[in-house]
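Below, each chain spelled out in residue letters.
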Amino acid sequence: MSEPKGYLAIVLHAHLPYVRHARGEAYLEEKWYYEALTETYIPLYTMLARLAAEGVPYRLTVSLSPTLMSMCRDELLQERFSEFLDGLCRLAELETSRTRWQPQFCETAKMYLERFQHVRSVYNETLNRDIIGGFARLAREGRIELITTAATHGYLPLMEVCPSAARAQIIAAANYYRSVFGTTPKGMWLPECGYYPGVDAYLREAGVRYFFTDAHGIENASPRPRYGVYAPIYCPSGVAAFGRDMESSKQVWSAHEGYPGDFDYREFYRDIAYDLDWDYIRPFMGGCPARTHTGIKYYRVTGRTEHKQPYVREWAVNKAATHAGNFVFNRERQIEHLASVMDTKPIVVAPYDAELLGHWWFEGPEFLEFVIRKIAYDQNIIKLITPVDYLDERARAQVSVPSMSSWGYMGYSEVWLADCNHWIYPHLHMMARRMSELAHDYAMPQPDLIRRALNQAARELMLAQSSDWAFIMKAGTCVDYAVGRTKSHISRFNRLYNDIRSSDVDHEWVADLESIDNIFPDMDYMIYSASPMASAILDT
Amino acid sequence: MHGLCGEVNAYQVPEGYGETRIVLQVRDPFWMHAYWEISRETALDLARELGESISSSRLTLRVNDMTMRDEADWGKQVAIDVHPFANNWYINVCKPDRSYCVDLGLTHSADEFRFIARSNVVHTPRVGPSEVRDEEWLSIRALEAVARGPMVYTASPGMPAQRIRAEEWAREIALGSGGVGAISSPVGPPVPTRAPEMAGRQYWLRADAELVVYGATEPGSQVSVSGMPVNMASDGTFSVRIALPVGELPIEVAAESADRLMSRHISWTVARTGLKDGR
């Protein structure tokens, strides 16, 4: 291959909040995780492993959140997911039988049965239930660069008033990554692309070399970046910032202008769970008393109509190939243009939520596979790259401070700071301050029980900080769950705090919490102790 | 103490933390959010100090412009009277890329301001590209070798500024954020309500039918329904659910004994007539 004119960095950010319910048997939210594994993570892994086995050259960046990795490595959830897959395969079998006289659906039913059986065998046999290990293998083979995000996906701009909490989210994430992969993450995905000037110092402290912002984070940086989002800038802390390219983003993201809304693609909302007899569906609802998605959907988008037409797999796959061709063509033209006006090789950064591919956009993994193959074999203008490869190729970079930004609605914090969710911040900020005080006051080695209570308090704080809860409160579905989760962690933290302060820690209760909110077994509350930057404003 | 962790919805959170304070956060270039708490002690002190006039006093936020680079506006102050029982407020500011802090206090007789607490200082993001065009370029090796601590900038090598814009995205943001007027707070903390959507209401009905073919034979037999093998329960009963489209559907139930020496067939036809698709 001749020298490329520029680079494309595709970044897939995989994240789910920690929704493990050790005692619950019917938590709807645990199904989010099972669905994402079935529809996104395992199909993506399978596709990437297949390309690697075929020797197709590619480089891709995959961000795995610590909460997601923790769930993937949890034995209880591994067992439950395996049972979930058995149920799904049973349902798909019933469906191939039930639709025998509906040829328009029967082929699709058979496709689901094959897919689910394949996912089951990949999960149980190929991966030995260790999907993280699968991705780690791809990373070792030089196919993907694995990065991570803040510990519980806390939205950092709204932690600016309690810097020790923002710092702890980053340090704990890097520590967890090291405990899983044995190395320091080279990059970090800032939750929701939420950046505020100064937070990069903690990335630096954690040994992280780069992060991403939304386009305006770089475009509005100061001094003005010469190449806009098409070359990284360096924060004064020595960490590189890459900006999201809006053009490639929109084509994939947008439900209306983008590819996923194409009429041939599978319709997400028309699930058999809502169409079929309750007695038939109920055994597959995981004990939930209401209808929820099964993952079996027989219709295509069809158009802006309620009268959906049956899904035709062949049309959908052909469309994914066409769209991949269009995507690559547009990137070629974009990079040709950029290369003609830049005196350095441009990099186009295209980040997506991993769950978009497969879960929301069913044909997304096929689209990505076509994109990778076309870039590898059909052209020589662009090359896939990871951010670190790009940095390692460069000699010099511009120094500039990105602007506060996020990739949420309107580009700032209004999703996570709104009438419906702003009540959480007085608690989150007070908890963060109290946690720092505890780390300061209990800096000397503590008796086992006190130490465990302190570590558990840090876990409760972090779990309460997941950006997902505020997001769900704003989005308006499953609000009760998000409110309940937030309150449970606030209340557990406050009781731990009072018990520690009054030297009256209940051993059984702490053990109970450790088994329920069991994320980050190696948590060390001392990450909340003062850092050079942590002159907490709230301490006045 | 056991069992406290069970139900996610059984939790209470404190109304406050018994501490007088005000905290300011940035929402976007044109909006900030302040929340505060006035402790019981502070409230009692205020009541003692202000006496009768406290009943006619107003809870006030004073928004202070703390932007250092701009001497003309530095220290400029705008007062917002808020609802006496409010504990948070969204504050609209007309200029982005500035520093602010907020003082919480009571405005009592003769417009006197009794200070209660001062917030942290925040800086709102700029809208649009920076006016600063002095480029700083450094070697990546040097940049990444920076130890923790402040970064020393070197002089810019003075290359011609040449900028490539992705899209006019920032402009859209600026337009959409409603940045008009002086400092004011048109938005209190209202409770979102939704009017019932009676206009354009649609009535709908969906119905369909399925067929259940069931039966029993000797345990261990092979049973098929219209050519497809059927799973049998250990007691020899079986049940198959089949979608029932419009048309004539031949049902053939076949059973063969475990030793394959005996077999039985039962068949019939089911017909469904009427509208297609159940609509």
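Residues numbered from 1 in each chain as written. Chains lettered and ligands numbered in written order. Predicted model: local features only at pLDDT ≥ 70, side-chain atom pairs only at ≥ 80, totals over all residues. Heavy atoms only, no water.

Chemist: Explain the overall build of chain B to me, and be specific about the residues and the numbers.
Modeler: Scanning chain B from terminus to terminus reveals three helices and 15 strands. Taking all 279 residues of chain B together, the buried fraction comes to 38%. Residue pairs at least 24 apart in sequence account for 59% of intrachain contacts in chain B once pairs closer than 6 positions are excluded. For chain B, the computed accessible surface area is about 17,300 Å², with 54% contributed by carbon and sulfur atoms. (Helix = DSSP H or I, 4+ residues; strand = E, 2+ residues; numbered from the N terminus. Buried < 20%, exposed > 50% of the residue type's maximum accessible area, 1.4 Å probe, protein only. Contact = heavy atoms within 4.5 Å. Areas by Shrake-Rupley, 256 points an atom, 1.4 Å probe, with all protein chains shown as cover.)

Chemist: Explain the confidence of the model for chain B to me, and be specific about the residues and the numbers.
Modeler: Residues and elements named next belong to chain B. Within chain B, residue pLDDT values average 77, and 75% of them lie at 70 or more. Every residue in residues 1-8 scores below 50 in pLDDT, and together they form 23 contacts with partners more than four places removed in sequence or on other chains. ipTM for the predicted complex: 0.93, alongside a pTM of 0.87. (pLDDT = per-residue confidence, 0-100.)

Chemist: Got a sec to walk through helix H5 (residues 131-140) of chain A? Specific residues and values, please.
Modeler: All names here are of chain A. For H5, the tally of buried residues reaches seven of ten residues, placing the bulk of the element in the interior. Within the sequence span of H5, burial applies to Ile131, Ile132, Gly133, Gly134, Phe135, Ala136 and Leu138. Looking at the buried positions of H5, the neighbouring elements they touch are helix H1 (28-54), strand S2 (60-64), helix H2 (66-72), strand S3 (144-149) and helix H6 (163-181). Gly142 occupies a position one or two residues after H5 and carries a positive phi of about 80°.

Chemist: Let's hear about the pairing of strand S7 (residues 240-243) of chain A: which residues, and what values?
Modeler: Residue and element names in this part refer to chain A. Every second residue of S7 is oriented toward a common face, with Ala240 and Phe242 on one face and Ala241 and Gly243 on the other, all of them buried. Bridge analysis of strand S5 (residues 210-213) against S7 gives four bridges, and the strand direction is parallel. Across the sheet, the residue bridging to Phe211 is Ala241, located in S7. Across two bridges, strand S6 (residues 233-234) lies against S7 in antiparallel orientation. Paired with Ile233 across the bridge in S7 is Ala241. (Pairing = 2+ DSSP bridges.)

Chemist: Tell me about the packing of aromatic side chains, and name the residues and values.
Modeler: Residue and element names in this part refer to chain A. Under the criterion given, the structure shown has 36 aromatic pairs over all chains. Centroid distance Tyr112 to Tyr298: 6.4 Å. Interplanar angle 65°. Geometry classified as edge-to-face. Of this pair, Tyr112 sits in helix H4 (residues 103-126) while Tyr298 sits in the loop between helix H11 (278-281) and helix H12 (313-341), placing them 186 residues apart in sequence. Take Tyr112 and Tyr298: they sit in the same class, and that class is buried. Judged by centre distance (6.5 Å) and plane angle (35°), the ring pair of Tyr259 and Trp361 falls under tilted. (Phe/Tyr/Trp six-rings, centres within 6.5 Å; stacked < 30°, edge-to-face > 60°.)

Chemist: How would you sum up the sheet that holds strand S1 (residues 21-28) of chain B? Please name residues and give values.
Modeler: An order of S1-S2-S5 (chain B) is seen for the three strands of this open sheet, with the pairing classed as antiparallel. Edge positions in the sheet fall to S1 and strand S5 (88-92) of chain B, since each has one partner strand and no second. If you compare each strand with its neighbour and ignore which way they point, the axes differ by 20° on average. The sheet contact formed by S1(B) and strand S2 (residues 31-37) of chain B spans seven bridges and is antiparallel. Opposite B:Gln25, over in S2(B), you have B:His33 as the bridge partner. Where helix H15 (residues 424-441) of chain A meets the sheet, it contacts S1 and S2 of chain B, and its direction lies at approximately 115° from that of S1(B). (Axes fitted to C-alpha atoms, helices over the stretch in contact; angles between N-to-C directions.)

Chemist: Could you give an account of the interface of chain A and chain B, with specific residues and numbers?
Modeler: At the interface, 91 residues of chain A touch 81 residues of chain B. Summing both sides of the interface, chain A and chain B together bury roughly 8,100 Å²; the carbon and sulfur share of this comes to 56%. By the criterion of area lost to chain B, the three top residues of chain A are A:Trp101, A:Arg224 and A:Arg226, representing 12% of everything that side buries. Put simply, chain A and chain B have seven salt bridges between them. For the salt bridge of A:Arg226 with B:Glu135, the shortest nitrogen-to-oxygen distance reads 2.9 Å. (Buried area = accessible area lost by both parts, 1.4 Å probe. Salt bridge = Lys/Arg side-chain N within 4 Å of Asp/Glu carboxyl O.)

Chemist: Describe the sheet that holds strand S14 (residues 247-256) of chain B, listing the residues and the values that go with them.
Modeler: All names here are of chain B. If you walk across this open sheet you meet the four strands as S12-S11-S14-S15, and the pairing is antiparallel. Of all strands in the sheet, those bounded by a partner on one side alone are strand S12 (228-229) and strand S15 (263-272). Inspection of the sheet shows strand S11 (residues 222-225) paired to S12 by two bridges, in the antiparallel sense. From the neighbouring strand, Ser224 faces S12, where its bridge partner is Pro229.

Chemist: Let's hear about the pattern of salt bridges: which residues, and what values?
Modeler: Within the structure shown, the criterion is met by 55 salt bridges over all chains. Note that A:Arg50 is salt-bridged to A:Glu369, the shortest N-O span being 2.4 Å. With A:Arg50 in helix H1 and A:Glu369 in helix H13 (residues 364-377), the pair connects residues that are 319 residues apart, well separated along the chain. For B:Arg27, the salt bridge identified is with B:Asp28, shortest N-O distance 3.0 Å. Within this structure, A:Glu95, A:Arg98, A:Asp277, B:Glu210 and B:Arg241 form a network of salt bridges that share partners.

Chemist: An account of the nonpolar core is needed here, citing residue identities and associated values.
Modeler: Of all hydrophobic cores here, the largest spans 233 residues; its most connected members are A:Tyr33, A:Tyr58, A:Leu64, A:Ile131, B:Trp36, B:Leu61 and B:Ile91. Those residues in contact with A:Leu64 that sit more than four places away from it in its chain are A:Ala14, A:Met69, A:Ile132, A:Phe135, A:Leu146, A:Ile147, A:Thr148, A:Thr149 and A:Phe181. Formed by 15 residues, the second largest nonpolar core is a distinct cluster that contains B:Leu211, B:Val230, B:Leu244 and B:Ala255. (Core = buried A, V, L, I, M, F, W, Y, C linked by side-chain atoms within 4.5 Å.)

Chemist: Help me get a handle on the side chain of B:Thr67, residues and values and all.
Modeler: Residue and element names in this part refer to chain B. Mapping Thr67 onto the fold places it in the loop between strand S3 (58-65) and strand S4 (77-82). Thr67 sits in the buried class, given a relative accessible area of 2%. Within the structure, the side chain of Thr67 is placed 2.6 Å from the side chain of Asp65, a separation counted as a polar contact. Among the polar contacts listed, one links the side chain of Thr67 to the backbone nitrogen of Ser99, at a separation of 3.0 Å. Beyond its immediate sequence surroundings of up to four residues, Thr67 is in contact with Trp74, Asp97, Arg98 and Ser99. (Polar contact = N/O pair within 3.5 Å; in protein donor to acceptor, adjacent residues only side chain to side chain.)

Chemist: Give a description of the pairing of S14(B) that names residues and reports values.
Modeler: Residue and element names in this part refer to chain B. Where S11 lies against S14, four bridges are found, and the strand directions are antiparallel. Within S14, the position partnered with Gln222 by the bridge is Glu256. Relative to S15, S14 runs antiparallel, the two sharing ten bridges. Bridge assignment links Val253 to a residue of S15, and that residue is Ile266. Connecting S14 to the next strand, S15, in antiparallel fashion are six residues, including Arg260 with a positive phi near 65°.

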